[in-house]
Amino acid sequence: MSVRTLRLPSPTHPRRALGAAAATAAVALAAVTLLPTGQAGAAGTTLRSLAEANGLYFGTAISQGDLNNAPLTAVAGSQFGMLTPTNEMKWDTIEPSRGSFSYGPADRLVSFAQTHSMRVRGHTLVWHSQLPSWVNSLPGSQVKTAMENHINNEVTHYKGKLYAWDVVNEPFNEDGSFRTDAFYNAMGSGYVADALRTARAADPTAKLYLNDYNIEGLNAKSDAMYNLVKSLKGQGVPLDGVGFQAHFILGQIPSSFKANLQRFTALGVNVAITELDDRMPLPPSADKLARQAGDYASVVNTCLTVSGCVGLTQWGVGDPDSWIPGTFPGYGAATLYDANYQPKPAYTASANALGGGTTSPTPTPTPTPTPPGASCQVSGKVSPWNTGLTEDITITNTGSTALNGWALTYTLPAGQTVTNSWNASLTPATGRVTATNLSYNATLAPGAATSFGFQATHTGDTAFPTSFSLNGTACTTS
Ligand code: 9MR
């Protein structure tokens, strides 16, 4: 596992080939949406903020019953920026009998998400499982109408509220043939296109996904999904992405994972990791947890390095919520949080992969030549919560000379301690701090601006820093 600090952004990183404007937007988004830490691995650092600073989301699956679990909701509401209802948007809950719709459980989860500024992935509209028996009992001639009506009703109910829908879930057998479920039997493979078109008509803003498991590596099943996506895109069917469930086994992340994701993005769709877990034989040991940390870091890094990978969702918040022990007896400990909702080594590894640097060794500083003095203006924003804050700072070069290397020095209010940063290297963590450019944003032309951000703990004083100077010359603040 590679360990790194201050991973964002790197000139060799495809996601960071976004340009300064997008990078600034990502930082601004992180600042706006940050929430209290909960039981995080490091004070002031959350998976969601780290992911968002990379232009990704980090999500989790929650069921209605989980809302009564205080430790779980504390972690979920602070650490994750996307919510997938585990079961509550499936057909058997939403339309248990024909034409009778029940949205209460799913509405409660959407409300929790909204309260915690989380987005929602809808899961799932058309699936052979958790399908009420009345659908399977319909004459073939009525299945299309029933499917379209179900999609139309559910997508309309959540219109404008969801980030994405898993429109069709698990359409393939392991050998790449279509599952012969009620939908395929009634309509052939054309049911997929029909479902996507129906969903798009009901909510033009939600991203539309196909989702499946065991398609992470190059194999017959992922070939089938690839060919389906290619065919749908060729016909102009509305399809935005493919979800890779990623129910992994310790030490068995497919070596072709990245190449596989990339062949999908080359078709013009996004990819997302939608149900991530990594199961191990029980009981967990220090060695197994360390290997699991490596697996998680590798998955996060794969998403980071595939342009078009939009985010990751873990299936469940902690090990107590995971479906694994019930389905794979003798296996478990598959998530980022242990039985007491304490972060596991996999959490730290994921955060580090996203640039959190919570356990990284202090890098050897690279000597930088002292750049010339500069005229500057500084602006910024503090987003505080009870014990921490996020701050983003924009520097504008108001001089007439381009800077090739910059160092912004400022004084933090007493009691503030930096815990992590992005788009600049910060040292020391308290008092008079210097933020130094990274290699990708070293150049600052006359009139140009650049932004960086950091998180800090505080003891009550959440004021913006004072006494800014850029390369030794005092800046104005606005
Ligand atoms: O986690 C879900 C579990 O609570 C349900 O009992 C199960 C029923 O099929 O579905 C689980 O979620 C599945 C998801 O909807 C689709 N991919 C596989 C997941 C694990 O079974």
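Refer to the structure above for everything that follows.
What counts, and where the lines are drawn
- Residues numbered from 1 in each chain as written.
- Predicted model: local features only at pLDDT ≥ 70, side-chain atom pairs only at ≥ 80, totals over all residues.
- Heavy atoms only, no water.
- Buried < 20%, exposed > 50% of the residue type's maximum accessible area, 1.4 Å probe, protein only.
- Helix = DSSP H or I, 4+ residues; strand = E, 2+ residues; numbered from the N terminus.
- Pairing = 2+ DSSP bridges.
- Disulfide = S-S within 2.5 Å.
- Near = heavy atom within 4 Å.
- Polar contact = N/O pair within 3.5 Å; in protein donor to acceptor, adjacent residues only side chain to side chain.
- Areas by Shrake-Rupley, 256 points an atom, 1.4 Å probe, with all protein chains shown as cover.
- Nonpolar A, V, L, I, M, F, W, Y, C, P; charged D, E, K, R; others polar.
- Axes fitted to C-alpha atoms, helices over the stretch in contact; angles between N-to-C directions.
- Parallel < 35°, antiparallel > 145°, perpendicular 65-115°, else oblique.
- Left-handed = near helix turned anticlockwise from the far one by under 90°.
- Contact = heavy atoms within 4.5 Å.
- Core = buried A, V, L, I, M, F, W, Y, C linked by side-chain atoms within 4.5 Å.
- Phe/Tyr/Trp six-rings, centres within 6.5 Å; stacked < 30°, edge-to-face > 60°.
- Lys NZ or Arg CZ within 6 Å of the ring centre and 35° of its normal.
- Salt bridge = Lys/Arg side-chain N within 4 Å of Asp/Glu carboxyl O.

A. Spotlight on the pairing of strand β5 (residues 207-212). The element β5 is largely enclosed, with a buried count of 5 among its 6 residues. Sheet topology places strand β4 (residues 164-169) next to β5; 5 bridges connect them, and they run parallel. Counterpart to Ala164 in the pairing with β5 is Lys207. As judged from the 4 bridges shared by β5 and strand β6 (residues 241-244), these two strands associate in the parallel manner. Each residue of the ladder has a partner; that of Asp212, found in β6, is Phe244.

B. Spotlight on the state of the cysteines. Counting across every chain of the model gives 2 disulfides. Each disulfide pairs two cysteine sulfurs, and for Cys303 the partner residue is Cys309, the sulfurs being separated by 2.0 Å. Between Cys303 and Cys309, the S-S torsion sits near -100 degrees, and that sign places the bridge as left-handed. For the pair Cys303 and Cys309, a shared accessibility class is recorded, and that class is buried. Here the cysteine-cysteine linkages of the chain are recorded as 1-2, 3-4, numbering only bonded cysteines and doing so in sequence order.

C. Layout of the sheet that holds strand β19 (residues 449-457). Strand order in the open sheet formed by 5 strands is β15-β19-β12-β11-β22, and the pairing between neighbours is mixed. Of all the strands in the sheet, just β15 (417-422) and β22 (476-477) have a single pairing partner and so form its edges.

D. Geometry of the site of the ligand. Around the ligand sit 14 residues, and of these Lys90, His123, Glu170, Glu275 and Trp315 come closest. Residue Glu170 places a side-chain N or O atom 3.0 Å away from a nitrogen atom belonging to the ligand. Between the ligand and Glu275 there is a distance of 2.7 Å, counted from a nitrogen atom to a side-chain nitrogen or oxygen. When the ligand is considered free in solution it has 450 Å² of accessible area, and contact with the protein chains removes 73% of it. Counted by class, the shell around the ligand contains 3 nonpolar, 8 polar and 3 charged residues.

E. The arrangement of the packing of helix α10 (residues 220-235) against helix α11 (residues 257-265) in detail. Running from N to C, α10 and α11 point in directions that differ by 15 degrees, and their axes come no closer than 10 Å. Relative to α11, the element α10 is oriented roughly parallel. Handedness of the crossing formed by α10 with α11: right-handed. Across the interface between the two elements, Ser222, Asp223, Met225, Tyr226 and Val229 from α10 touch Asn260, Arg263 and Phe264 from α11. When the residues that make up the contact of α10 with α11 are grouped by side-chain class, the tally is 4 nonpolar, 2 polar and 2 charged.

F. Broad picture of the packing of helix α7 (residues 140-157) against helix α9 (residues 190-202). Their axes nearest at 9 Å, the elements α7 and α9 cross at an angle of 30 degrees. The two elements α7 and α9 cross, and the hand of that crossing is right-handed. Residue-level inspection shows Lys144, Met147, Glu148, Ile151, Asn152, Val155 and Thr156 of α7 in contact with α9, the latter providing Tyr191, Asp194, Ala195, Thr198, Ala199 and Ala202.

G. Focus on the sheet that holds strand β17 (residues 432-436). What the 5 strands build is an open sheet, ordered β16-β17-β14-β20-β21; its pairing is antiparallel. Two strands lie at the open edges of the sheet, namely β16 (425-427) and β21 (473-474), each paired on one side alone. Here 3 bridges tie strand β14 (residues 407-411) to strand β20 (residues 466-470), and the two strands are oriented antiparallel to one another. Paired with Leu408 across the strands is Leu470, a residue of β20.

H. Quick peek at the nonpolar core. Ranked by size, the top nonpolar core spans 93 residues in total, and within it Trp165 and Leu210 carry the most contacts. Excluding residues that lie within four positions of it along the chain, Leu210 makes contacts with Val168, Val192, Leu196, Met225, Leu228, Val229, Leu232, Leu239, Gly241, Val242 and Gly243.

I. Just the environment of Gln455, in detail. One can find Gln455 in strand β19. By relative accessible area, which is 0% here, Gln455 ends up buried. C-alpha separation for the pair Gln455 and Thr46, spaced 409 residues apart in sequence, amounts to 9.9 Å. A distance of 3.3 Å separates the side chain of Gln455 from the side chain of Thr390, its partner in a polar contact.

J. Seen up close, the pairing of β19. By the criterion of burial, β19 is predominantly enclosed, with 7 of the 9 residues buried. As paired strands, strand β12 (residues 388-397) and β19 are joined by 9 bridges and run antiparallel to one another. For Leu389, the partnering residue across the bridge sits in β19 and is Ala456. Where β15 and β19 come together, 5 bridges link them in antiparallel fashion.

K. Summary view of the packing of aromatic side chains. In the structure shown here, the tally under the stated rule is 21 aromatic pairs. Between Phe58 and Phe80, the ring centres sit 6.0 Å apart and the planes meet at 55 degrees, which makes this aromatic pair tilted. A residue pair is termed long-range when its members are at least 10 positions apart, and Phe58 in strand β1 (residues 57-62) and Phe80 in the loop between α3 (70-79) and β2 (82-85) qualify at 22 residues. Phe80 shares its class with Phe58; the two are buried. A ring pair is formed by Phe248 and Phe257, whose centres lie 5.6 Å apart and whose planes are at 75 degrees; its orientation type is edge-to-face. Assigned by exposure class, Phe248 and Phe257 land together as buried. Taken together, the aromatic side chains of Trp406, Tyr410, Phe452, Phe454, Phe464 and Phe468 make up a single cluster linked through ring pairs. Just above the ring of Tyr209 sits the side chain of Arg121; from NZ or CZ to the centre is 4.9 Å.

L. Expanded view of the pattern of salt bridges. Applying the stated rule across the entire model yields 10 salt bridges. The closest approach of N and O atoms between Arg48 and Glu52, which form a salt bridge, is 3.5 Å. A residue pair is termed a helical-turn pair when its members lie 3 or 4 positions apart in one helix, as Arg48 and Glu52 do in helix α2 (residues 47-53) at 4 residues. Grouping residues by exposure puts Arg48 and Glu52 together as buried. A salt bridge links Asp166 to Arg121; the shortest N-O distance between them is 2.9 Å. Placement of the pair is Asp166 in strand β4 and Arg121 in strand β3 (residues 119-126), with a sequence separation of 45 residues. What emerges from the salt-bridge pattern is a single network uniting Lys144, Glu148 and Asp194.

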